[in-house]
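Overview (structure and organization)
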Amino acid sequence: MHELSLSSAIVDTVERHADGRRVTTVTMTIGSLRQVVAESLSFYFEIVSRGRVCEGATLEQNYVEARVRCVPCDRGWTLDQPIFRCPDCGGSEIEVLSGEEFEVDSIDVTEEEAACIAPR
Ligand SMILES: [Zn+2]
């Protein structure tokens, strides 16, 4: 259900920017800490999009790896598991540098479709 609410948020954002034009591609940046299941997000996106400007649009998902930094010793590393402890000093004062993104980067729209739905 996590992906369902995320999909609704994406479609709402896209609709605000599409300005009534038909959307063909939506490009997203998603941090791996968001624990989004890509197939699931695509699946719900398709359902939520029905009857709206992004119906049938391709959802491009670019995943960003999680980068964190140990505050006391300044060591940085990539998180492949959610273990928030520094491998060097064992400290748990960890700053997240990336991995929490969930953004619509860009949308592609078709101009021809825009002409079709314009008032005559
Ligand atoms: Zn450390």
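So, a few notes on the structure that sits alongside this text. Only a predicted model underlies this, so the values are computations on that prediction, with no experimental measurement involved.

Conventions adopted
- Residues numbered from 1 in each chain as written.
- Predicted model: local features only at pLDDT ≥ 70, side-chain atom pairs only at ≥ 80, totals over all residues.
- Heavy atoms only, no water.
- Donors = N, O, S within 2.8 Å, 3.2 Å for Na, K, Ca; no water.
- Tetrahedral: all angles 85-135°; square planar, octahedral: opposite > 155°, others 65-115°.
- Helix = DSSP H or I, 4+ residues; strand = E, 2+ residues; numbered from the N terminus.
- Buried < 20%, exposed > 50% of the residue type's maximum accessible area, 1.4 Å probe, protein only.
- Core = buried A, V, L, I, M, F, W, Y, C linked by side-chain atoms within 4.5 Å.
- Pairing = 2+ DSSP bridges.
- Axes fitted to C-alpha atoms, helices over the stretch in contact; angles between N-to-C directions.
- Contact = heavy atoms within 4.5 Å.

Let's shift gears to the coordination of the zinc ion. Of the protein atoms, only C70 (SG), C73 (SG), C86 (SG) and C89 (SG) coordinate the zinc ion, at distances of 2.2 to 2.4 Å. In this structure, the zinc ion is surrounded by 4 donor atoms whose angles at the metal cover 102 to 123°, and the resulting shape is tetrahedral. Counting residues between consecutive donors of the zinc ion along the chain gives the motif C-x2-C-x12-C-x2-C. In this pair, C70 is assigned in strand β3 (residues 66-70) and C86 in the loop between β4 (76-79) and β5 (94-98), connecting sequence segments 16 residues apart. Under the relative-accessibility criterion, C70 is labelled buried at 0%. Given the relative accessible area of 4%, C86 is considered buried.

This part takes up the nonpolar core. If you look at the biggest cluster of nonpolar residues, it comprises 18 residues, and the most contacted ones within it are I10, V23, V26, L41, F45 and F102. Among the secondary structure elements, those contributing two or more residues to this core are α1 (2-18), β1 (22-31) and α2 (38-49). Ranked by the residues each element gives to this core, the list is headed by α1, at 5 residues. Membership of the second largest hydrophobic core comes to 7 residues, among which are A66, C70, W77 and L79.

Right, let's get into the sheet that holds β4. Overall, antiparallel pairing links the 3 strands, which are arranged β4-β3-β5 in an open sheet. Across the chains shown, the open sheet's two edge strands, defined by having one partner strand only, are β4 and β5. Adjacent strand axes in the sheet meet at a mean angle of 35°, parallel and antiparallel pairs treated alike. Here β3 pairs with β4 via 4 bridges, running antiparallel. Note that in β4 the partner of V68 across the bridge is W77.

It is worth spelling out the sheet that holds β1 at this point. Taken in spatial order, the 3 strands make up an open sheet running β2-β1-β6, and their pairing is mixed. The sheet is open, and its two edges are formed by β2 (58-64) and β6 (102-110), each paired on a single side. Pairs of neighbouring strands in the sheet enclose a mean axial angle of 15°, with direction left out of account. Across 7 bridges, β1 lies against β2 in parallel orientation. Its bridge partner lying in β2, T29 is registered against N62. In the packing of α1 onto the sheet, contacts are made with β1 and β6, and the angle to β6 comes to roughly 50°. The strands that α2 touches are β1, β2 and β6; relative to β2, the one it contacts most, it runs at about 150°.

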